[in-house]
Amino acid sequence: MAQTYTKSDAQAPTGFFATEAAGLRWLAAAGGAPVVGVHTVSDTELVLDRLHPVRPAPGAARNFGRGLARTHAAGADSFGALPPGAAGYWFGPLSDPLPLPEATAAAFGEFYAQARVWPLTERCRQSGAIGQPLATGLQEVCRQLRDGRWDEAAGAPVRPARLHGDLWSGNLMWTTDGVVLIDPAACGGHPEADLAMLELFGAPHLEEILAGYGEVAELAPDWRARIGLHQLFPLLVHALLFGGSYASATGAAVDQLLG
């Protein structure tokens, strides 16, 4: 009998665990990076395969990068498209998940401004997590997003990728079978977003992950110039939830984008 691990929260928003299960199944269906297996799901809990961690290794990192590229290549119907069976979109810790708009769009910039950067800018401003000067800078970033400034990479339109959506190092489980994905906030999005998240909080053997990714999918030569753009979303969430230095980091990213 397979060993299992149960995530539970009696106060979880209705549909939260169903959405996480749908995301895991959608990512697994891509046939790319391994994903933790789902056993059962209810309104208050999610039962998963139990994973047994091992020390991160360069070879596993490179294999994961290859798999992640294949996951992204499986695509999505649109930017913001949710996995089949998802009941909403949440981002952040289980103890305080943040609901965000379920908007979709054919273009990356329109989606990212409408459903991520601007709603979070407004919430951060209203809560006092950021000041008006930074909110004004973010408003200009959103204007440029809507105008299509970042809708292409290397001269080609960006296609919606099948994103994990919350790809910080804590959601990579290093096992004897390689790196396994857990805890997604899955949706259709820009493929560079997952890579930017790995860069933001660091990941073991990150250069090996990127090297493996590049063996399967061609990264635009200037992709690193957009890292700060993709990091605005997680930085604003962290500014809203935790305050502190995250507002300063958001400001630095905005200055770089508008400089």
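Here goes a summary of the coordinates provided.

A word on unusual backbone geometry
For A154, which is not glycine, the phi dihedral falls at a positive 55°. The class for A154 is exposed, based on a relative accessible area of 58%. The phi dihedral of H205 is positive, around 55°, even though this residue is not glycine. Mapped onto the elements, H205 comes out in the loop between α5 (191-201) and α6 (206-216). By relative accessible area, which is 31% here, H205 ends up partly exposed.

Topic: the nonpolar core
Formed by 77 residues in total, the largest nonpolar core has its most connected members in F64, L145, L172, L229 and L232. The residues touching L172, leaving out its near neighbours within four places in the chain, are F64, L167, V179, V180, L181, L198, A203 and I209.

Things to note about the environment of L24
Looking at where L24 falls in the secondary structure, it is placed in helix α1 (residues 16-29). Classification of L24 as buried rests on a relative accessible area of 2%.

Brief notes about the packing of aromatic side chains
Aromatic ring pairs are reported here in terms of the distance separating the ring centres and the angle at which the planes meet. As enumerated under the stated definition, the model contains six aromatic pairs in all. Centre to centre, the rings of F91 and F233 are 4.6 Å apart; their planes meet at 45°, and the pair counts as tilted. Separated by 142 residues along the polypeptide, F91 in strand β4 (residues 90-91) and F233 in helix α7 (residues 227-242) bring together distant segments of the chain. By relative accessible area, F91 is classed as buried at 3%. Taking relative accessible area as the criterion, F233 reaches 8% and is therefore assigned buried. Grouped by ring-pair contacts, the aromatic residues F16, F17 and W90 constitute a single cluster. Geometry around Y89 places R116 over its ring, the cationic atom sitting 4.2 Å from the centre. Lying across the ring of F233, R116 places its NZ or CZ 5.4 Å from the centre.

Some details on the sheet that holds strand β3 (residues 45-49)
Pairing within the open sheet is antiparallel, and its three strands lie in the order β1-β3-β2. Strand pairing shows two members of the sheet lacking a second neighbour, β1 (4-8) and β2 (38-41), which therefore form its edges. Within the sheet, the average angular offset between the axes of one strand and its neighbour, ignoring direction, is 15°. As judged from the three bridges shared by β2 and β3, these two strands associate in the antiparallel manner. Paired with V38 across the two strands is L48, which belongs to β3.

Details of helix α8 (residues 245-258)
The first and last C-alpha atoms of α8 sit 20 Å apart over 14 residues, in line with the 20 Å expected at 1.5 Å per residue. If you follow the buried residues of α8, they end up packed against α4 (132-146) and α7.

Quick word on the side chain of E20
Relative to the helices and strands, E20 resides in helix α1. Setting aside anything within four residues of it in sequence, one finds E20 in contact with K7, L46, D183 and P184.

Examining the pattern of salt bridges
Tallied over the entire structure, the rule returns 12 salt bridges. Residue E208 pairs with R62 through a salt bridge whose shortest N-O separation is 2.8 Å. Within this pair, whereas E208 is found in helix α6, its partner R62 is found in helix α2 (residues 58-73), the two being separated by 146 residues in sequence. Judged by its relative accessible area of 26%, E208 is partly exposed. Linking E215 and R66 is a salt bridge whose minimum nitrogen-to-oxygen distance equals 2.6 Å. Taken together, the residues E215 in helix α6 and R66 in helix α2 connect sequence positions 149 residues apart. Through salt bridges with shared partners, a single ionic network connects R62, R66, E208 and E215.

Rules used throughout
Residues numbered from 1 in each chain as written. Predicted model: local features only at pLDDT ≥ 70, side-chain atom pairs only at ≥ 80, totals over all residues. Heavy atoms only, no water. Buried < 20%, exposed > 50% of the residue type's maximum accessible area, 1.4 Å probe, protein only. Helix = DSSP H or I, 4+ residues; strand = E, 2+ residues; numbered from the N terminus. Core = buried A, V, L, I, M, F, W, Y, C linked by side-chain atoms within 4.5 Å. Contact = heavy atoms within 4.5 Å. Phe/Tyr/Trp six-rings, centres within 6.5 Å; stacked < 30°, edge-to-face > 60°. Lys NZ or Arg CZ within 6 Å of the ring centre and 35° of its normal. Pairing = 2+ DSSP bridges. Axes fitted to C-alpha atoms, helices over the stretch in contact; angles between N-to-C directions. Expected span 1.5 Å × (residues − 1). Salt bridge = Lys/Arg side-chain N within 4 Å of Asp/Glu carboxyl O.

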